[in-house]
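# Descriptive analysis of the structure
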Amino acid sequence: MKIYITAISIFCFLFVNITITKAVGEENIKKFTISGHVQDKSSGEDLIGATIYVKELKIGTTSNIYGFYSISLIPGTYTIQYSYIGFKKIEKTFELIENVTYNIELAPSEQKLDEVVITGEAINKNVTSAEMSTIKMDIKTIRQIPALMGEVDIIKAMQLLPGVQTISEGSSGFSVRGGSMDQNLIQLDEATVYNASHLMGFFSVFNNDAIKDVKLYKGDIPASSGGRLSSLLDVRMKDGNTKRFSGTGGIGTISSRLTLEGPIVKDKASFIVSGRRTYADIFLKLNSDPDINNNSLYFYDFNAKLNYNINDNNRIYISGYFGKDVFKNPDFKIGWGNQTFSFRWNHLFSKKLFSNFTFLYSKFDYELGVPEGDVNSFSWIANLKDYGGKADFNYYLNTNNTLRFGLSSTFHNFVPGTARGLGDEAFLTEYSVENNNGLESAIYVGNEQKIGSMIVVKYGLRFSHFVNVGKSTIYNYDDEYEMVDSTVYEKGEFFSPYYGFEPRIGATFIINEKSSIKANYSRTRQYIHLAQNSTAGTPLDIWFPSTPNVNPQIADQYAIGYFRNFRTNTIETSVEAYYKHIQNAIDFKDHAELLLNQLFEGELRNGEAWAYGLEFLVKYNIKKISGWVSYTLSRTERRIIGINDDQIYPATYDKPHDFSIVFNYNVIPRISVGATWVFTTGSAVTFPTGRYIYGNKITPIYSERNGYRLPNYHRLDVSVTLRSKPDPTKKWGWDLNFSAYNAYARKNPWVINFKQVPGNPNETYAEMTYLFSIVPAITFNFKF
Amino acid sequence: MRYIATIITIVLFIASCTEKIDIDVGTTYERFIVEGTLTTDTMKHGVKLIKSIDYYAIEQPPTISNAIVTIDDGVNKITLEENKEEPGNYETDENYFGVAGRTYLLEIEIPEAINGYKTFSATSELKPVAPIDSIRVEYIEKWAVWELQIYAWDPPTEDFYSFEVFKNNIEITDTITKRGISDDRFFNGNYTFGVPVYYFSSGYEPEFVYPGDTITLKMGGITKDYYNFIIELMDQTFEYRNPLFSGPPANIRTNISNGGLGFFAAYSTSYSSVVYQE
């Protein structure tokens, strides 16, 4: 609490400070602004985080997520250097006597063909930037990591970095710094993706070919974002090639994909469409057994984006994503899917004031049932819809201060589940869990301020607000969590407001251009939560809002880190320590019934949670070899009233040791090999420690919750990639990738069950289920 | 809804692989277990007392003899006699029966303390149950099972049911986890036109239904606590738990005091029989 108040005070002090300085010091000298967009010359894509450096003053700035930069200087002659890794640096001299709009295109540098090509921000950005606790993954790097069934996956790649852990094997649900799966805000072009996984979590919904940029904030979430306690995964789609029509695609063992992009009006408007579909069910259909060949099992994704540069001051982007998973046969079907849509308008009010307005829509739904014609016919549907708007402003006040402020509001509509019988024969009448709605809004302001050449301070204040909106029915519970009565709220009635400040403060002390120390404090609030009782996360998990019965969760996170680069920045290392404390942490009571239960709020219990850890990372990119080694030592625990006799217990995904090595070697320009080795402590589980007999059945007595561990998990993945001859005159190329997931076929236990020996009811044994032995895959990729 | 999760779980399990593994689970302190059932039928009703054992132990749990076991229904208090041939089993006489509407108090005093306690008690309300109009057995071709369907009125109150099934007077649901169990959320206050309450397993010969077999359904009107107890017991002993659908395992509830485990259940019964014709 004290830190929270201190943070708000520091924020106010610094904010007032800069406004006074500006008012007093700088009014007298008129400055002019150089601004514009930085783009990739070969495709027209905006370059995010490009460096714009003024040589004479030794100061610089970077382009924002839309490639826009702005720098204000007193009149004079300046040489400005534009750079971005993997691209040729360009220098331009300006005689600054008035405001200038200067858009620039950088050309990709000639590839040293045997070196690993990475594109990105300044080579020592990890040291000098004000950010910490973030991971920015280059798309090309993600593609080089050997993948399960050949399916390149952004989220699985993130899990190889420190502080990010898997929840369960194969699952796309991930835990960031001890947070649970629902504490990650996943956004695709500003719209929220609620369930980022296909096929029970084995694959993510992001089609790598359509993605331009992926950034994961593990802490130090900017003040412009909120609503989740542990992380922000910001995924940006490519805008579409504005120069020429091009495409990429691939055929793999489990799915195929195709991406097409091109200009609609050269250099002004472009599109990109991307699709992916699995076809495991084609093999099922070829089987002659009718019990097998009338099963369908598939998923597909479709991404589409349109963007239009109206003029130098206005651009619009329209993006959409549509994905679905289906499993069905004549007796039963289950399916789920996500749809997201966003419309964005960038508008420059002035050369210093950049703004972006977003309208967004997001929907996650699932259904399962037995088709009509059966006595048991039923259908069960559930969904969650978001309708929202955001306004974000970047104000490039002066070379030392960049202000960001804005506001947002999203209306959430929750339909947690309705089951009904189908047809006349069905005995099932309609049963539904009450709908609910919430309006989540926020306003924020923040600044990134350079103090001298050695210190960068970032501070922001977010104020968030959440209120339920009728029509809905809320059940009221007594102290024993038994329902006593219910309250009905009319349509449009606002009730149960929650609100609070979320200060975010951080500082970077640049010791020299190779090393720095960073520290950061942030408070986040989460108003919607996931009712998830399974240890792996399934599509049937239900999102629910804060209500009179459920308080928002609040987290305070402190982090400190030391960043050091070696050997002209070809080796980046960092050590970060963090501590996170969560109030109103939610968990579910023993034997919780969450599916289709109107009284599921009575199954919740709350308390406190803690997570703390130490993250080590060594990233290398030396000539032909690249990759990283990451190790996280951490604990995540909670104490919830009503669970485990009110004693502290570890979260299921508490994995004290998490070690990954990623290695990539370009043998010759046409062949590269990659390997990944991971090791984690086994998940925490509850085992039986005693037994008795009741009703002729052996009945177990259990240990304290999560008192035991599964065996440790480790796995090696390898891949070999053959490429077509690189030829700068040809536009098209291909590569053939062979990979083996779990190369030494370690049987990693996914779950351990205790069973009775057949024929001997008194004897039991432990049996483990493992998901994957070695899984080989071949993928053929092409581009033109 | 457990039914759906079960189906999905089994479907997914066909795809994955299993292997025996050695896991040392250690030991835990001894517990006192009570298994007591009292119904409205006129017969000997029993209460069984045992102690818990280590998880991997092969022997039967030890029974507790020479305990004093009494049942008090607010009108009479009777003492149960230990069965000489089956130690640990304490029985009422054969003319005793439970009365719907009364609340039954079970009290036990054991010769040697377990975890510092020698006396234990449990209470259960004996709720009434609706009569069954009729039952029907139908063979479902698609799944190769026989379905037992019930025709009865469910009262508008919140009711819970347990279903035990007999074939030619021999109980098929001899293990508690084989029973049918249901709440009334999907048909509360309505007539159940053939709601299925039990499926005869098609993989186990003693459960096959042949023409001419007499099938009897014993429906119990159980308390919510006993209903939850049976559901939790079924969940925790189900052999195919998987991380996708199950929460962490946890101990099953009890209505026995002082750290005891198990359950004392009192319920009314109604019966119906049918002779199966093809």
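Counting restarts for each chain: residues are numbered from 1 in the order of the written sequence. Each chain takes a letter, starting from A, and each ligand takes a number, starting from 1, following the order in which they are written. At least 70 in pLDDT is required for a residue's local features to be given in this predicted model, at least 80 for side-chain atom pairs to be given and counted, and no such filter applies to totals for whole chains, interfaces and linings, which use all residues. Remark: hydrogens and water are excluded; side-chain values derive from all non-hydrogen atoms of the structure.

### What about the overall build of chain A?
For helices the rule is a DSSP run of H or I covering at least 4 residues; for strands it is a run of E covering at least 2, with both sets numbered from the N terminus onward. Each helix and strand counted, chain A has 6 helices and 51 strands in total. Put simply, the radius of gyration uses C-alpha atoms, and a globule should come to 2.2 Å times the residue count raised to 0.38. Relative to the compact-globule value of 28 Å for 784 residues, chain A shows a C-alpha radius of gyration of 27 Å, a close match. Projected onto its principal axes, the C-alpha coordinates of chain A cover approximately 90 × 60 × 50 Å. Buried means the residue's accessible area, taken with a 1.4 Å probe over protein chains only, is under 20% of the maximum for its type, while exposed means over 50%, and partly exposed covers the values in between. Across the 784 residues that make up chain A, the buried fraction comes to 60%. A contact between two residues is defined here by any heavy atoms of the two lying within 4.5 Å. Look at the contacts in chain A between residues 6 or more apart in sequence, and 65% of them connect residues 24 or more apart. Roughly 30,200 Å² of accessible area belongs to chain A as shown, and the carbon and sulfur atoms make up 59% of that amount. Working convention for charge: Lys and Arg count positive, Asp and Glu count negative, and His plus the chain ends are omitted. To locate a charge, take NZ of a lysine, CZ of an arginine, CG of an aspartate or CD of a glutamate. Here chain A holds 80 positive side-chain charges and 79 negative ones, and the gap between their average locations is 9 Å. Per-residue accessibility takes into account occlusion by the displayed protein chains alone, with areas from the Shrake-Rupley method and a 1.4 Å probe.

### A few points about the side chain of B:Ser270
Residues and elements named next belong to chain B. Structurally, the position occupied by Ser-270 is in strand β17 (residues 261–275). Within 3.5 Å is the distance limit for a polar contact, defined as a pair of N or O atoms, with the added protein rule that one can donate a hydrogen and the other accept it, and that residues adjacent in sequence qualify only through two side-chain atoms. Polar contacts involving the side chain of Ser-270 include one to the main-chain carbonyl oxygen of Ala-130, which spans 2.9 Å. Dropping the residues within four chain positions of it, Ser-270 is found in contact with Val-129, Ala-130, Pro-131, Ile-132, Leu-217, Lys-218 and Met-219.

### Brief notes about the pattern of salt bridges
Where charged atoms of side chains with opposite charge meet at close range, the side chains can pair. Salt-bridge detection follows one rule: a side-chain nitrogen of Lys or Arg within 4 Å of a carboxyl oxygen of Asp or Glu. Counted according to the given criterion, the structure contains 45 salt bridges over all chains. Here A:Lys243 makes a salt bridge to A:Asp267, at a shortest N to O gap of 2.9 Å. Of this pair, A:Lys243 sits in the loop between β17 (231–237) and β18 (246–252) while A:Asp267 sits in the loop between β19 (255–265) and β20 (269–278); the two residues are 24 residues apart in sequence, bridging distant segments of the chain. With a closest N to O distance of 3.2 Å, B:Glu138 and B:Arg136 form a salt bridge. In this structure B:Glu138 comes out as partly exposed when scored by relative accessible area, which is 28%. Residues participating in the shared-partner salt-bridge network are A:Glu45, A:Asp189, A:Lys212, A:Asp239, A:Lys305 and A:Arg344.

### Looking at the sheet that holds strand β13 (residues 191–192) of chain A
Residue and element names in this part refer to chain A. Two strands pair if DSSP finds at least two bridges between them. Sheet architecture is open: 5 strands sit in the order β9-β16-β17-β12-β13, paired in mixed fashion. In this open sheet, the two edge strands, each paired with only one partner strand, are β9 (134–137) and β13. Alignment of β9 against strand β16 (residues 211–217), held across 4 bridges, turns out to be antiparallel. Bridge assignment links Met-137 to a residue of β16, and that residue is Val-214.

### Let's talk about the sheet that holds strand β6 (residues 90–96) of chain A
Residues and elements named next belong to chain A. Pairing within the open sheet is antiparallel, and its 4 strands lie in the order β3-β2-β5-β6. Of all the strands in the sheet, the pair left with one neighbour each is β3 (59–62) and β6. On average, each strand axis in the sheet is tilted by 25° relative to the strand beside it, whichever way the strands run. For helices, the fitted line uses only the C-alpha atoms of the stretch in contact; every axis is such a line through C-alpha atoms, and the angle between N-to-C directions lies from 0 to 180 degrees.

### Here we look at the packing of aromatic side chains
Each Phe, Tyr or Trp ring (for Trp, its six-membered ring) is paired with any other whose centre lies within 6.5 Å, and the angle between the two planes then decides the class: stacked below 30 degrees, edge-to-face above 60, tilted in between. Going through the model one piece at a time under the given rule, you end up with 52 aromatic pairs over all chains. Taking the centre distance of 5.4 Å and the plane angle of 70° together, the rings of B:Tyr55 and B:Tyr56 count as edge-to-face. Overall, the relative accessible area of 5% leaves B:Tyr55 in the buried class. Put simply, the rings of A:Tyr66, A:Phe68, A:Tyr317, A:Phe354 and A:Tyr396 touch in pairs and so form one group of aromatic residues. Here, a charge over a ring means that NZ of Lys or CZ of Arg falls within 6 Å of the ring centre while also lying within 35 degrees of the ring normal. Of note, A:Arg691 hangs over the ring of B:Tyr55, and the distance from its end group to the ring centre comes to 5.6 Å. Seen from the ring of B:Tyr29, B:Arg31 lies directly overhead, with NZ or CZ sitting 3.9 Å from the centre.

### Some thoughts on the side chain of A:Thr681
All names here are of chain A. Tracing the sequence through the fold places Thr-681 in the loop between β42 (671–680) and β43 (684–685). Within polar-contact distance, the side chain of Thr-681 engages the backbone nitrogen of His-657 at 2.9 Å. Discounting residues that sit within four places of it in the chain, Thr-681 has contacts with Lys-655, Pro-656, His-657, Arg-709 and Asn-712.

### Structural notes on helix α2 (residues 224–237) of chain B
All names here are of chain B. Residue count minus one, scaled by 1.5 Å, sets the expected span of a helix. Taking 1.5 Å of rise per residue, the 14 residues of α2 would be expected to cover 20 Å, and the 20 Å separating its terminal C-alpha atoms lies within 8% of that figure. Within α2, 10 of the 14 residues are buried, leaving the element largely enclosed by the surrounding structure. Every buried residue of α2 is listed here: Tyr-226, Tyr-227, Phe-229, Ile-230, Ile-231, Glu-232, Leu-233, Met-234, Gln-236 and Thr-237.

### Side note on unusual backbone geometry
Phi is positive for A:Asp646, close to 65°, though the residue is something other than glycine. At B:Asn168, a position not held by glycine, the phi torsion is positive, near 50°. As for its position among the elements, B:Asn168 is in the loop between β12 (160–167) and β13 (170–171).

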